[in-house]
Amino acid sequence: MVAVLIDGKSIAGKVTERVRRTVERLKEKGVEPYLATVLVGNDEASATYVRNKHRACEQVGIKTINHHLPEDYSTDQLIELVTMLNEDRRVHGILVQLPLPKHINQFLITSMIKPSKDVDCLTPFNIGLLAYDVAKLLPCTPAGIVELMKRYRIDPAGKHVVIINRSVLVGKPLSIMLLHMDATVTVCHSKTTNLKERCREADILITAVGDRSKFVLSKDMVKDGTVVIDVGIDRVNGRLVGDADEGVMEKASYITPVPGGVGPMTVAMLLRNTVIAAALNEGIDLAELDG
Ligand code: GUN
């Protein structure tokens, strides 16, 4: 078997085009969707991600501002900035790029974002809504993965989904979303024993480690016909690679490439969330703008 490549880039393009039309309609109503990002420190990968998010916003007419702050910025100073962004009525979405430097209390900062502006679904309130399956703002990477599965008619109902990641950005919210879609979900992490066996039990395997020195998904870890969603990103000899080794292609039924798989979907979902947040904060019914 040779896996079908899931074309995240193309689907992200379709989502983005739809967002562009919604932005036009919002502007006709006098609303200019506006995303504020906060980047602390000099992590190169984070800076690249934030730059890509801004570029994507520009392409669909979403206004942006980036607050790039020095590494030694304090938790108190960040609280002040997020409070200011919460109160600024022009700002519809707030994204604090993670990870934050170690001296900053990440929970405190992310949990104080106004829920209606929380385009990452990181606040306890929005994660609570997600757990009840009534969230309006879904976490970007998990939402991107679910969208890819829907577009390729990969139905997780009754399937065993194994996720290798337990972060608040990916593994935890994704496990909740897949439970709502009637999957049986196993969440694995660095302390999981028999990881190879767990992986071989998966009908759908979602891997999000992103560090080839710690983990590589090899073909002996994948049973025939498994759907592989590769969320990992690492650089090897200057080339972007995911968690899955090339041999996995011979076993999987579907696989997301890196680059061009989940990555563009994360950005597309951020654009979608920003227009949803704009509508929420301006008291506009999004259904009115659809079409
Ligand atoms: N760091 C890596 N991915 C993300 C993301 O989707 N959102 C935020 N806020 N930080 C990230």
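Quick caveat: nothing in here was measured; it's all calculated off a predicted structure. (Residues numbered from 1 in each chain as written. Predicted model: local features only at pLDDT ≥ 70, side-chain atom pairs only at ≥ 80, totals over all residues. Heavy atoms only, no water.)

A. Here's a closer look at the sheet that holds strand β1 (residues 4-5). The 6 strands lie next to each other as β1-β11-β8-β7-β5-β6, forming an open sheet whose pairing is parallel. The open sheet has two free edges, formed respectively by β1 and β6 (184-188), since each of these has just one partner strand. Bridge count for strand β8 (residues 227-230) against strand β11 (residues 254-255) is 2 bridges, and the pairing is parallel. Counterpart to Val228 in the pairing with β11 is Ile255. Set on the sheet, helix α7 (residues 171-180) makes contact with β5 (160-164), β6 and β7 (204-207); between it and β5 the angle comes to about 170°. (Pairing = 2+ DSSP bridges. Helix = DSSP H or I, 4+ residues; strand = E, 2+ residues; numbered from the N terminus. Contact = heavy atoms within 4.5 Å. Axes fitted to C-alpha atoms, helices over the stretch in contact; angles between N-to-C directions.)

B. The side chain of Asp243, seen in detail. Mapped onto the elements of the fold, Asp243 is located in the loop between β10 (239-241) and β11. Buried Asp243, no salt bridge; nearest opposite-charge side chain is Arg212, N-O distance 5.7 Å. (Buried < 20%, exposed > 50% of the residue type's maximum accessible area, 1.4 Å probe, protein only. Lys, Arg positive; Asp, Glu negative; His and termini not counted. Salt bridge = Lys/Arg side-chain N within 4 Å of Asp/Glu carboxyl O.)

C. Fine view of the sheet that holds strand β3 (residues 63-69). Reading across from one edge, β3-β2-β4 is the order of the 3 strands in this open sheet, with parallel pairing throughout. Since the sheet does not close on itself, it has two edges, and those belong to β3 and β4 (93-96), each with one partner. On average, each strand axis in the sheet is inclined to that of its neighbour by 15°, with strand direction left out of account. In this sheet, β4 lies alongside strand β2 (residues 34-40) in parallel orientation, the contact comprising 4 bridges. Within β4, the position partnered with Ala36 by the bridge is Ile94.

D. Seen up close, a nonpolar patch on the surface. On the surface, a cluster of nonpolar side chains totalling about 230 Å² of accessible area is made up of Tyr49, Ile233 and Leu240. Mapped onto the elements of the fold, Tyr49 is located in helix α2 (residues 44-60). According to the relative accessible area criterion, Tyr49 is partly exposed, its value standing at 36%. (Patch = residues over 30% accessible without salt bridge, like charges linked within 9 Å, V, L, I, M, F, W, Y side chains within 5 Å. Areas by Shrake-Rupley, 256 points an atom, 1.4 Å probe, with all protein chains shown as cover.)

E. Up close: the nonpolar core. Counting residues in each nonpolar core, the largest one holds 53 residues, and the members touching the most others are Val19, Ile62, Ile145, Leu178, Ile206 and Ile229. Here this core takes 12 residues from helix α9 (residues 262-282), the largest share from any one element. Excluding its chain neighbours within four sequence positions, the residues that come into contact with Ile229 are Ile6, Ile145, Leu205, Ile206, Thr207, Thr256 and Val262. Counting 19 residues, the second-largest nonpolar core is a separate cluster that includes Tyr34, Val40, Leu81 and Leu85. (Core = buried A, V, L, I, M, F, W, Y, C linked by side-chain atoms within 4.5 Å.)

F. Geometry of the pattern of salt bridges. Scanning all chains against the criterion turns up 11 salt bridges. In this structure, Asp88 engages Arg90 in a salt bridge whose closest nitrogen and oxygen atoms are separated by 2.8 Å.

G. Highlighting the environment of His92. Inspection of the secondary structure assignment puts His92 in the loop between α3 (75-87) and β4. Note on His92: relative accessible area 1%, which makes it buried. Sequence-wise, His92 and Lys117 are 25 residues apart; in three dimensions their C-alpha atoms are separated by 5.5 Å. Those residues in contact with His92, other than ones at most four positions away along the chain, are Val31, Glu32, Pro33, Tyr34, Ser116, Lys117, Ala277, Ala278, Asn281 and Glu282.

H. Representation of unusual backbone geometry within the structure. Of the consecutive residues Leu98 and Pro99, the connecting peptide bond is found in the cis state with omega at 0°. Among the structural elements, Pro99 can be located in the loop between β4 and α4 (106-111). Each neighbour pair has its own omega, and for Val258 with Pro259 the value is 0°, a cis peptide bond. Its place among the elements puts Pro259 in the loop between β11 and α9. Phi is positive for Asp133, close to 60°, though the residue is something other than glycine.

I. Local environment of the state of the cysteines. Under the criterion given, the structure shown has 0 disulfides. No disulfide involves Cys188; its sulfur sits 6.0 Å from the nearest other cysteine sulfur, which is in Cys199. Assessed through its relative accessible area of 0%, Cys199 is described here as buried. (Disulfide = S-S within 2.5 Å.)

J. Structural context of α9. With 21 residues, α9 should cover 30 Å at 1.5 Å per step; its first-to-last C-alpha distance of 30 Å lies within 8% of that length. A large share of α9 lies buried, amounting to 15 of its 21 residues. The positive-phi residue at the C-terminal boundary of α9 is Gly283, with phi of around 65°. (Expected span 1.5 Å × (residues − 1).)

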